[in-house]
Amino acid sequence: MPFKAPDCPAVKGFIETSFVDWKGNLSSVLFLGGCNFRCPYCHNKDLVLNPAGFEDVPIEYIAATLRKYKNWVDKIVITGGEPTLHMSLFGLIGFLKTEGMKVKLDTNGSNPSVLKGLVSEGLIDCVAMDVKGPLDRYSRWCGINVDERKISESIEFIQGCGIDYQFRMTVVPFFHREEDVYAVARHLEGAKDFVIQTFRPDVTLNRAFSRIRPFSPQKMEQIRKNVSGIMSAGSARQQDDQRRFSVIGPNNDGDMDNLYT
Ligand code: SF4
């Protein structure tokens with residue numbers, strides 16, 4: 001049967017098999033270009049600022065690869081950039097569902113209505129939201145003016161929507177105070193998964209941030225313990241490694257993890 005391409009956004013990157021993008025699972029990964037935030041520490045700056053600089057990955061190729069690996073890989077992560085900027089995201093995920101895939105979405109939480117639509121249509125199985133810092137100064141963390149009510153709405157929705165989820169925060173010394181991490185932990189109290197990520201200075205959207213040294217593993221462990229104490233009903237674990245389009249490495253659990261958006 002001839003392949004019928006779905007209406008979907010341009011895919012700017014495709015990892016066929018990955019152990020690090022959906023914790024505990026083998027998955028494929030799709031990267032969509034563009035983002036409405038300008039986080040100064042962003043390590044995907046080219047994908048954010050110049051998505052046209054990446055060649056599109058043909059959806060036919062993606063479909064053929066997923067079919068080739070279907071006995072081993074039935075999960076796929078959609079990341080960016082910020083995937084919810086693309087309204088044809090629904091078409092892309094709908095297509096992936098017809099291919100039998102479980103779908104995880106990475107998001108900055110700025111589009112709660114898209115998130116709600118995806119969940120209500122049964123299109124996503126897991127969501128990972130980056131929380132950039134305490135909500136009262138949210139625009140500071142994102143490099144643009146942000147409606148923090150939308151961020152709050154996304155957080156609340158994710159915690160109650162019934163699908164698997166994870167919150168993540170990248171801790172950037174000097175940019176964040178230690179107290180900022182604890183303020184986020186208090187906001188997320190009760191969340192079942194909050195990952196604290198170590199900042200990596202190798203590639204940053206604002207070049208000045210590449211001169212910041214990340215906190216030491218000992219300091220991050222101390223922060224993680226304090227966060228665990230704050231989140232009485234939640235769990236906190238530390239994620240010390242990142243990848244994409246950069247690096248992979250083992251974290252403190254011995255797992256391979258990554259930093260997404
Ligand atoms: S860190 Fe994420 S939300 Fe921030 S600019 Fe980069 S891709 Fe966008």
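Here the structure is a predicted model, which means the values were calculated and not measured. (Residues numbered from 1 in each chain as written. Predicted model: local features only at pLDDT ≥ 70, side-chain atom pairs only at ≥ 80, totals over all residues.)

K.L.:
I tried to follow the overall build of the protein chain on my own but got confused; where do I start?
P.N.:
Looking only at helices and strands, the protein chain features 8 helices and 10 strands. Within the protein chain, the proportion of its 261 residues that are buried is 44%. Within the protein chain, contacts between residues at least 6 apart in sequence are counted, and of these 70% link residues at least 24 apart. (Helix = DSSP H or I, 4+ residues; strand = E, 2+ residues; numbered from the N terminus. Buried ≥ 20, exposed ≤ 12 C-beta atoms within 10 Å, placed from the backbone. Contact = placed C-beta atoms within 7 Å.)

K.L.:
Looking at this structure, I do not really get the packing of helix 7 (residues 178-187) against helix 8 (residues 217-230). What am I missing?
P.N.:
Axis angle and axis distance: for two packed helices, these are the angle between their axes and the distance between the axes, and together they describe the pair. Taken N-terminus to C-terminus, the directions of helix 7 and helix 8 make an angle of 30 degrees; their axes are 9 Å apart at the nearest point. With respect to helix 8, the axis of helix 7 lies roughly parallel. As for the relative orientation of helix 7 and helix 8, their crossing is right-handed in sense. Of the residues in helix 8, those touching helix 7 at Glu178, Val181, Tyr182, Ala185 and Arg186 are Ile223, Asn226, Val227 and Ile230. Looking at the contact of helix 7 with helix 8 residue by residue, the class counts come to 6 nonpolar, 1 polar and 2 charged. (Axes fitted to C-alpha atoms, helices over the stretch in contact; angles between N-to-C directions. Parallel < 35°, antiparallel > 145°, perpendicular 65-115°, else oblique. Left-handed = near helix turned anticlockwise from the far one by under 90°. Nonpolar A, V, L, I, M, F, W, Y, C, P; charged D, E, K, R; others polar.)

K.L.:
Explanation requested: the confidence of the model for the protein chain in the structure shown.
P.N.:
The predicted coordinates of low-pLDDT regions are not to be read in fine detail. The pLDDT averaged across the protein chain works out to 88; a share of 88% of its residues lies at or above 70. In the predicted structure, residues 240-261 sits below a pLDDT of 50 and forms 59 contacts with residues beyond four places in sequence or in another chain. (pLDDT = per-residue confidence, 0-100.)

K.L.:
Quick question: what am I supposed to make of the nonpolar core here?
P.N.:
Note that soluble globular proteins tend to have their nonpolar side chains buried in a common cluster. In this structure, Ile78, Ile93, Val127, Val181, Phe194 and Ile196 are the most contacted members of the largest nonpolar core, which totals 60 residues. Filtering out sequence-adjacent residues up to four positions away, Val181 remains in contact with Met169, Val171, His176, Ile196, Ile223 and Val227. (Core = buried A, V, L, I, M, F, W, Y, C linked by C-beta atoms within 7 Å.)

K.L.:
Quick question: what am I supposed to make of helix 2 (residues 59-68) here?
P.N.:
An α-helix turns once per 3.6 residues; consequently, residues spaced three or four apart project the same way. Among the residues of helix 2, Ile59, Ile62 and Leu66 are the ones counted as buried. For helix 2, the buried positions fall inside an angular range of 55 degrees around the axis, keeping them on one side. Exposed side chains of helix 2 directed beyond 90 degrees from the buried face belong to Glu60, Tyr61, Ala64, Arg67 and Lys68. Its buried side turned inward, helix 2 meets strand 1 (11-22) and strand 2 (25-32). (Arc of directions from axis to C-beta.)

K.L.:
Explain the pairing of strand 6 (residues 164-171) to me, please; I cannot follow it from the model alone.
P.N.:
A regular strand carries its side chains on alternate faces of the sheet. Summarising burial for strand 6: 6 of the 8 residues are buried, a large majority. As paired strands, strand 6 and strand 7 (residues 194-198) are joined by 5 bridges and run parallel to one another. Residue pairing in the sheet places Met169 in a bridge with Ile196 of strand 7. Following the chain from strand 6 across helix 7 to the adjacent parallel strand 7, one finds a crossover that is right-handed. (Pairing = 2+ DSSP bridges. Right-handed = clockwise from strand over helix to strand, strands pointing away.)

K.L.:
Explain the packing of helix 4 (residues 112-120) against helix 6 (residues 148-160) here, please?
P.N.:
Contact geometry of helix 4 with helix 6 gives a least axis separation of 9 Å together with a crossing angle of 25 degrees. In terms of orientation, helix 4 lies roughly parallel with respect to helix 6. Contact with helix 4, carried on its side by Pro112, Leu115 and Lys116, involves Lys150, Glu153, Ser154 and Phe157 of helix 6 and no other residues of that element. Class assignment for the residues of the contact of helix 4 with helix 6 results in 3 nonpolar, 1 polar and 3 charged.

K.L.:
In this structure, what is going on with unusual backbone geometry? I would like to understand it.
P.N.:
A negative phi angle characterises most non-glycine residues, just as the trans form characterises most peptide bonds. Omega for the peptide link from Gly80 to Gly81 comes to 10 degrees, which places this bond in the cis form. Phi is positive for Phe174, close to 75 degrees, though the residue is something other than glycine. Residue placement: Phe174 occurs in the loop between strand 6 and helix 7. Judged by the 10 C-beta atoms lying within 10 Å of it, Phe174 is exposed.

K.L.:
Hey, could you run me through the environment of His86 in this one?
P.N.:
Structurally, the position occupied by His86 is in the loop between strand 3 (75-79) and helix 3 (89-98). Ignoring sequence-local partners within four residues, the contact set of His86 consists of Pro9 and Leu32.

K.L.:
Can you help me understand the pairing of strand 3 in this one?
P.N.:
Summarising burial for strand 3: 4 of the 5 residues are buried, a large majority. Here strand 2 runs beside strand 3; their pairing, made up of 4 bridges, is parallel. Bridging from a neighbouring strand, Val29 pairs with Val77 of strand 3. The pairing of strand 3 with strand 4 (residues 102-107) spans 4 bridges and is classified as parallel. Each residue of the ladder has a partner; that of Lys75, found in strand 4, is Lys102.

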